[in-house]
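Single-letter residue listing:
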Amino acid sequence: MKEKLEIVQLLRAFGCVMIALYHMPSGYFLKPGQSSFVLSVFFTISGFFLIKGITKTTKNYFRKKIIRIVPLYWLLTLIIFFAEMIKPGLISD
């Protein structure tokens, strides 16, 4: 039987979005005290899913994670690189 954990995934997504908003240049979305709480919730939930994934199956676990994470990482890195090349100072002050 497959477990339904959509609400936990939604909480993790909310935490991720809030952390991203905190790191925006304006910085007025979250204050420093709020960001530490959101960060703690995000990492706790992410750790839960990490351990849950390892306990289900260890065969090719890290290979699957790398295949899922690395292409997105490189895509976002290239987008940021080209955005900075087109308009210098857009990302950093």
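Refer to the structure presented above.
This is a predicted model, so every value here is computed, not measured.

Parameters and conventions
- In every chain, residue numbers begin from 1 and rise along the written sequence.
- Where local features are concerned, this predicted model is filtered to residues with pLDDT of at least 70; where side-chain atom pairs are given and counted, the filter is 80 or more; whole-chain, interface and lining totals use all residues.
- Side-chain figures throughout are based on the complete set of non-hydrogen atoms in the structure, without hydrogens or water.
- The residues that make up patches have over 30% relative accessible area and no salt bridge, and they are joined within 9 Å when like-charged or within 5 Å when they are Val, Leu, Ile, Met, Phe, Trp or Tyr.
- Each accessible area is a Shrake-Rupley result for a 1.4 Å probe, and residues are judged covered by the shown protein chains and nothing else.
- When a carboxyl oxygen of Asp or Glu is within 4 Å of a side-chain nitrogen of Lys or Arg, the pair counts as a salt bridge.
- The secondary structure listing takes helices from DSSP runs of H or I that are at least 4 residues long and strands from runs of E that are at least 2 residues long, numbered from the N terminus.
- When a residue's accessible area, from a 1.4 Å probe over protein chains only, is under 20% of the maximum for its type it is buried; when over 50% it is exposed; and in between it is partly exposed.

Caption draft 1: View of a nonpolar patch on the surface. Residues I66, I69, V70, Y73 and W74 make up a contiguous nonpolar surface patch of roughly 530 Å² in combined accessible area. Looking at the element boundaries, Y73 is found in helix α3 (residues 61–86). Residue Y73 is classed as exposed on the basis of its relative accessible area, which comes to 51%.

Caption draft 2: Structural view of the environment of L39. Tracing the backbone through its elements, the reader meets L39 in helix α2 (residues 32–56). Each C-alpha atom, one on L39 and one on G15, is 6.8 Å from the other, the two residues being 24 residues apart in sequence.

Caption draft 3: The environment of T44, seen in detail. Of note, T44 is situated in helix α2. In this structure T44 comes out as exposed when scored by relative accessible area, which is 56%. T44 sits 32 residues away from R12 along the chain, and the two C-alpha atoms are 9.0 Å apart.

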